[in-house]
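Survey of secondary and tertiary structure
Here's the letter readout for the chains.
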Amino acid sequence: QVQLVESGGGLVQAGGSLRLSCAVSGNILYYYTMAWFRQAPGKEREFVAQISWGAGTTRNADPVKGRFTMSRDNAKNTVYLQMNSLKPEDTAVYYCALASRSVSMVVNGRDMDYWGKGTLVTVSS
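Cut-offs applied
Residues numbered from 1 in each chain as written. Predicted model: local features only at pLDDT ≥ 70, side-chain atom pairs only at ≥ 80, totals over all residues. Heavy atoms only, no water. Salt bridge = Lys/Arg side-chain N within 4 Å of Asp/Glu carboxyl O. Helix = DSSP H or I, 4+ residues; strand = E, 2+ residues; numbered from the N terminus. Buried < 20%, exposed > 50% of the residue type's maximum accessible area, 1.4 Å probe, protein only. Pairing = 2+ DSSP bridges. Disulfide = S-S within 2.5 Å. Axes fitted to C-alpha atoms, helices over the stretch in contact; angles between N-to-C directions. Polar contact = N/O pair within 3.5 Å; in protein donor to acceptor, adjacent residues only side chain to side chain. Contact = heavy atoms within 4.5 Å.

1. Focus on the pattern of salt bridges
- Scanning the entire structure with this criterion turns up five salt bridges.
- Arg38 is the salt-bridge partner of Asp90, the closest N and O atoms lying 2.9 Å from each other. Note that Asp90 is positioned in the loop between β8 (78-83) and β9 (92-99) and Arg38 in strand β4 (residues 33-39), a separation of 52 residues in sequence.
- A residue is classified by how much of its surface remains accessible, and Asp90, at 1% relative accessible area, is buried.
- Between Arg101 and Asp113 there is a salt bridge, with its nearest N and O atoms 2.8 Å apart. Linking Arg101 in the loop between β9 and β10 (114-115) with Asp113 in the loop between β9 and β10, this pair joins segments that are twelve residues apart in sequence.
- Connected via shared salt-bridge partners are Arg38, Glu46, Arg67 and Asp90.

Take a look at the structure:
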C-alpha cells in the first residue's frame, strides 16, 4: 500500500510564496515519476509539475514556469513544490501523485498510479 500525504497549503497574498510537501510511504521499490496536479473550483484537474525520482529531471506546465520549482529529497522520501510569485489564479487544491514507471511527459491524471488527498492553496488579491 502506497500512501502520499501532502502538507503546506494555506492562505497567502498575491505575490507571496508557499512550499508544499508530499511524503511518500509504502511498499514500492521505486518511485519513478512524481507530479503535482491542481484543481480549481469548477475546473478540471490540471498538471502542474513533474520530477523523475532518480535523475531529478523536472518539467513544469506553462502557467507556472519561472515561478514554481519541484524538487525531491530521496532520503526523506519527500517531494516539494516551491511556489513563488503566487497569483489568485493559482488558487486550487494541490494533489501529489506517483507513477510506478517512468513517464517522460506527464499529460494528465491517467499517467499516475497513486494520489494524495490534496492540500488547499488560496491566494488572495
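2. A look at the pairing of β4
- When you tally the buried positions in β4, you get six out of seven residues, the bulk of the element.
- Direction of pairing for β4 relative to strand β5 (residues 46-52): antiparallel, over a ladder of six bridges. Note that in β5 the partner of Arg38 across the bridge is Glu46.

3. Topic: the state of the cysteines
- Using the criterion set out here, one finds one disulfide in the structure.
- For Cys22, the disulfide goes to Cys96, at an S-S distance of 2.1 Å. The disulfide joining Cys22 to Cys96 has a torsion of about -80° about its S-S bond and is therefore left-handed. With Cys22 in strand β3 (residues 18-26) and Cys96 in strand β9, this residue pair connects regions lying 74 residues apart in the sequence. As far as the burial class goes, Cys22 and Cys96 line up, both buried.

4. Here's the deal with the sheet that holds β3
- Pairing within the open sheet is antiparallel, and its four strands lie in the order β1-β3-β8-β7. The open sheet has two edge strands with one neighbour each: β1 (2-7) and β7 (68-73). Each strand axis lies, on average, 15° off the axis of its neighbour in the sheet, ignoring direction.
- Pairing between β7 and β8: six bridges, direction antiparallel. Each bridged residue has a counterpart across the sheet, and for Thr69 the counterpart in β8 is Gln82.

5. As for the side chain of Arg38
- By relative accessible area, which is 5% here, Arg38 ends up buried.
- Engagement of the side chain of Arg38 in a polar contact is seen with the side chain of Asp90, the distance being 2.9 Å.
- Filtering out sequence-adjacent residues up to four positions away, Arg38 remains in contact with Glu44, Arg45, Glu46, Val48, Pro63, Val64, Phe68, Glu89, Asp90, Ala92, Val93 and Tyr94.

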